[in-house]
Structure formats: structure tokens, C-alpha cells
Amino acid sequence: MPKKQCDELALSYHSALFRLSQGLGDEKDLWALSAMMEMVAIGLEMSRLSQALKDQGLATLRDTISGLMRAVWRGHDGKSWGLDGDTLQLMRDIVTEHDKQVASAAHAEVEVWVSEAYRRASGKGVFAIDVDGDVRNILDVPADSVFLTALKNNKNNVRVDGVRA
């Protein structure tokens, strides 16, 4: 991916985060950040970090995804799309981590990450999202998405069930 395109993407992530931090964001901003988080997760998975550091990073992503989903449901209920305080700080940390990953990764590494993201996106399935017993949303996302895996394994009473593969 050309440097200019990487810079434009990074700016879009920072802009989305700023809008959400001001309570001005929308669903598009949340999904942009979730796509960025998928790339952070792929970068973590493919990194040379110890398994403990990878697990710690993925746990942070999982907690942040739960916060993003809470914002989605608030927005769909006509309330603010903004992030709550804990999620906002976690998201700031993840955007910073993404900036570091892209800055320190070799061009070939980024190409592998992007290829993996495309591979995952080609295996889409439809998934129901259940929050505290109330099915609220259907996601059309990759079946092996880190995003889905994190939701499936979260600790915030959110359950993900495959509707069709």
C-alpha cells in the first residue's frame, strides 16, 4: 500500500476517533475504527511478539469491540454514537498502536496483512449479535474475523451466533 494511502487511512481513523470523542460521530466512524482494529489484530497475530503480549493486545481489542458495540446500539436507539470513557481511552491506545505498527512494519509485512484481511473478507457469513438476551443487530463479516472471535469470547454479556455461513 503506498505511503500516501496509509497516511490517508491513518488520518481517517484519527478523524473518526475525534468525532466520536466529541459525540459527533456516526456508525460509519465506528465501522471504520473496527476495520482498523481488524488490521491491528492481524498485525498482532503475525508479529514476532511473545504469545503473552499477543494475548494482552487481543484482550484489549476484545474489550474495545464490546465498547464499540455499545455505542452502535446507543446510536441505533437514537442516542449518541460517542464512545464511553473507558472505550475512548482504549480506542486512543489502539489507534496509537496502529500508527506504530504501520510506521515500523516493512512494506512487505503490510502487504501480507492487507492480503490476510482480504482473505478473511472473502469468507463472509451473517451473524446475529445478542446483547443481554436481546438480538439487536446482524453483521455480515468474515467468519474467522478477529472482530467476531473477540465478540464471541467477550465478558460483557454479548453473544454472537452464526445465522448462516
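Residues numbered from 1 in each chain as written. Predicted model: local features only at pLDDT ≥ 70, side-chain atom pairs only at ≥ 80, totals over all residues. Heavy atoms only, no water.

Across soluble globular proteins, you tend to see nonpolar side chains buried next to one another. Ranked by internal contacts, the top residues of the largest apolar core, which has 24 residues, are Leu 30, Leu 33, Met 36, Met 37, Leu 83 and Met 91. Contributions of two or more residues to this core are made by α1 (3–21), α2 (27–45), α3 (51–76) and α4 (85–104). Aside from chain neighbours lying at most four places away, what touches Met 36 is Tyr 13, Met 91, Ile 94, Val 95 and His 98. Core analysis: the next-biggest nonpolar cluster, separate from the first, contains 6 residues, Ile 42, Val 110, Trp 113 and Val 114 among them. (Core = buried A, V, L, I, M, F, W, Y, C linked by side-chain atoms within 4.5 Å. Buried < 20%, exposed > 50% of the residue type's maximum accessible area, 1.4 Å probe, protein only. Helix = DSSP H or I, 4+ residues; strand = E, 2+ residues; numbered from the N terminus. Contact = heavy atoms within 4.5 Å.)

Orientation of α2 relative to α4, taken along the N-to-C sense of each, is 55°, at an axis distance of 10 Å. Compared by their axis directions, α2 and α4 come out oblique. For the pair α2 and α4, the crossing hand works out as left-handed. Contacts between α2 and α4 pair Leu 33, Met 36, Met 37, Met 39, Val 40, Gly 43 and Leu 44 from the former with Met 91, Ile 94, Val 95, Glu 97, His 98 and Gln 101 from the latter. Partitioning the contact of α2 with α4 into residue classes produces 9 nonpolar, 3 polar and 1 charged. (Axes fitted to C-alpha atoms, helices over the stretch in contact; angles between N-to-C directions. Parallel < 35°, antiparallel > 145°, perpendicular 65-115°, else oblique. Left-handed = near helix turned anticlockwise from the far one by under 90°. Nonpolar A, V, L, I, M, F, W, Y, C, P; charged D, E, K, R; others polar.)

Over its 19 residues, α1 extends 27 Å from the first C-alpha to the last, a length consistent with the 27 Å expected when each residue adds 1.5 Å. Those residues of α1 not exposed but buried are Cys 6, Ala 10, Tyr 13, Ala 16, Leu 17 and Leu 20. For α1, the angular spread of the buried residues around the axis is 120°, confining them to a single face. Exposed residues lying more than 90 degrees from the buried face of α1 are Lys 4, Leu 11 and Phe 18. Phi turns positive, to about 75°, at Gly 23, one or two residues after α1. (Expected span 1.5 Å × (residues − 1). Arc of directions from axis to C-beta.)

Under the definition given, this model contains 3 salt bridges. As a salt-bridge pair, Arg 70 and Asp 84 come within 3.0 Å of each other at their nearest N and O atoms. In this pair, Arg 70 sits in helix α3 while Asp 84 sits in the loop between α3 and α4, placing the two residues 14 residues apart along the sequence. On the basis of relative accessible area, Arg 70 is assigned to the partly exposed category, the value being 31%. You can call Asp 84 partly exposed: its relative accessible area is 24%. (Salt bridge = Lys/Arg side-chain N within 4 Å of Asp/Glu carboxyl O.)

Right, let's talk about the confidence of the model for the protein for a bit. On average, residues of the protein score 75 in pLDDT, and 72% of them are at 70 or above. Of all the helices and strands in the protein, strand β3 (residues 158–164) carries the lowest mean pLDDT, 45, while α4 carries the highest, 88. Across residues 154–165, confidence stays below pLDDT 50; counting only partners more than four residues off in sequence or on other chains, it has 33 contacts. (pLDDT = per-residue confidence, 0-100.)

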